[in-house]
Amino acid sequence: MNTKDTMQERICCFYANEVHLQIMILPYIASKLETNEKVYLINQDNMEKSIKNTIRKINLKETKKEEILKLNWGDKISLKDINYEENINIIINGSEDFNDKVTKELKDYSKMNIINSYNLEKISDIEKIKSQYKKTINSIGIKEFA
């Protein structure tokens, strides 16, 4: 199956550390939760401690902060826990190998938007990765590659 042609949207981002990643994806997550869409995080590394610190410093309503903190920021989610029957958003965070492995294991690409987030310290060729995507997400939002 050619996943690139059957997914609703596939976006990439590159991050230097966990806080950098969180700052980039929190507006996206908040907007999806606002429209009652499901968001799943699949993390190579546990981010539970750092997200608590980051969320405390951003300007959001307390109820929205609580909703974001209820997401799985740890590293222990099973792909079996994902409800593939609805339009969902999956954010995969980690190395190039981790992103590739998880993306290939996802069941039904047509019902989901995927953000593959790459740790800059764990990738070999950023241009090769960028060539697989039309869009990126950064601290100012989702942008098309030029």
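Just so we're clear, the structure is a prediction, and the values are computed from it rather than from any experiment.

Student: How should I be thinking about the overall build of the protein in this particular structure?
Tutor: Summing up its helical and strand segments, the protein has six helices and six strands in all. Counting helices and strands in the order they occur from the N terminus, the protein gives α-β-α-β-α-α-β-α-β-α-β-β. Relative to the compact-globule value of 15 Å for 146 residues, the protein shows a C-alpha radius of gyration of 14 Å, a close match. Referenced to the eigenvectors of the C-alpha coordinate spread, the extents of the protein come out at roughly 40 × 35 × 30 Å. Summarising the internal contacts of the protein: among those between residues at least 6 apart in sequence, 74% fall at separations of at least 24. Approximately 8300 Å² of the protein is accessible, and the part contributed by carbon and sulfur atoms is 48%.

Student: I'm lost on the environment of Asp75 in this one. Help?
Tutor: With respect to the helices, strands and loops of the structure, Asp75 is situated in the loop between helix 4 (62-69) and strand 3 (88-94). C-alpha separation for the pair Asp75 and Asn46, spaced 29 residues apart in sequence, amounts to 4.7 Å. Not counting residues up to four positions away in its chain, the partners in contact with Asp75 are Asn43, Gln44, Asp45 and Asn46.

Student: Would you mind going over the pairing of strand 2 (residues 38-43) with me for this structure?
Tutor: Side-chain positions along a regular strand alternate between the two faces of the sheet. With five of six residues buried, strand 2 is to be regarded as a mostly interior element. Pairing between strand 2 and strand 3: six bridges, direction parallel. Each bridged residue has a counterpart across the sheet, and for Tyr40 the counterpart in strand 3 is Ile90.

Student: What is the right way to read the sheet that holds strand 1 (residues 9-15) from this model?
Tutor: Each strand in a sheet pairs with another by means of backbone hydrogen bonds, the pair being arranged parallel or else antiparallel. Spatially, 2-3-4-1-5-6 is the arrangement adopted by the six strands of the open sheet, whose pairing is mixed. For this open sheet the edge positions go to strand 2 and strand 6 (141-144), each flanked by a neighbour on one side alone. Neighbour to neighbour, the strand axes of the sheet diverge by 25 degrees on average, direction disregarded. The strands touched by helix 2 (residues 18-34) within the sheet are strand 1, strand 2, strand 3, strand 4 (112-119), strand 5 (135-138) and strand 6, with strand 1 carrying the most contacts at an inclination of about 150 degrees. Helix 5 (residues 96-105) rests against strand 1, strand 2, strand 3 and strand 4 of the sheet, and its axis sits at about 150 degrees to strand 3.

Student: Is there a simple way to explain helix 3 (residues 48-57) in this structure?
Tutor: Since the α-helix advances by 3.6 residues per turn, residues separated by three or four positions end up pointing in the same direction. When helix 3 is considered as a whole, its buried residues turn out to be Ser50, Ile51, Thr54 and Ile55. All buried residues of helix 3 project into a common sector of 125 degrees when viewed along the axis, lining one side. Those residues of helix 3 that are exposed and aimed more than 90 degrees away from the buried face are Lys49, Lys52, Arg56 and Lys57.

Student: Any chance you could explain unusual backbone geometry here in plain terms?
Tutor: Glycine aside, residues mostly have negative phi, and peptide bonds are mostly found in the trans state. With a phi angle near 60 degrees, Asn36 is a residue other than glycine that sits in the positive phi range. Position of Asn36 among the secondary structure elements: in the loop between helix 2 and strand 2. By relative accessible area, which is 71% here, Asn36 ends up exposed.

Student: Please clarify how the side chain of Asn99 should be interpreted in this entry.
Tutor: Mapped onto the secondary structure, Asn99 falls in helix 5. Classification of Asn99 by relative accessible area gives buried; the value is 0%. Of note is the side chain of Asn99, whose polar atom sits 3.3 Å from the backbone oxygen of Gly94. Aside from chain neighbours lying at most four places away, what touches Asn99 is Ile92, Asn93, Gly94, Asn116, Ser117 and Tyr118.

Student: Is there a simple way to think about the side chain of Asn116 in this case?
Tutor: Mapped onto the elements of the fold, Asn116 is located in strand 4. In terms of polar contacts, Asn116 uses its side chain to reach the side chain of Thr103, at 2.9 Å. Within the structure, the side chain of Asn116 is placed 3.1 Å from the side chain of Tyr133, a separation counted as a polar contact.

Analysis parameters
Residues numbered from 1 in each chain as written. Predicted model: local features only at pLDDT ≥ 70, side-chain atom pairs only at ≥ 80, totals over all residues. Heavy atoms only, no water. Helix = DSSP H or I, 4+ residues; strand = E, 2+ residues; numbered from the N terminus. Rg over C-alpha atoms; globule rule 2.2 N^0.38 Å. Contact = heavy atoms within 4.5 Å. Areas by Shrake-Rupley, 256 points an atom, 1.4 Å probe, with all protein chains shown as cover. Buried < 20%, exposed > 50% of the residue type's maximum accessible area, 1.4 Å probe, protein only. Pairing = 2+ DSSP bridges. Axes fitted to C-alpha atoms, helices over the stretch in contact; angles between N-to-C directions. Arc of directions from axis to C-beta. Polar contact = N/O pair within 3.5 Å; in protein donor to acceptor, adjacent residues only side chain to side chain.

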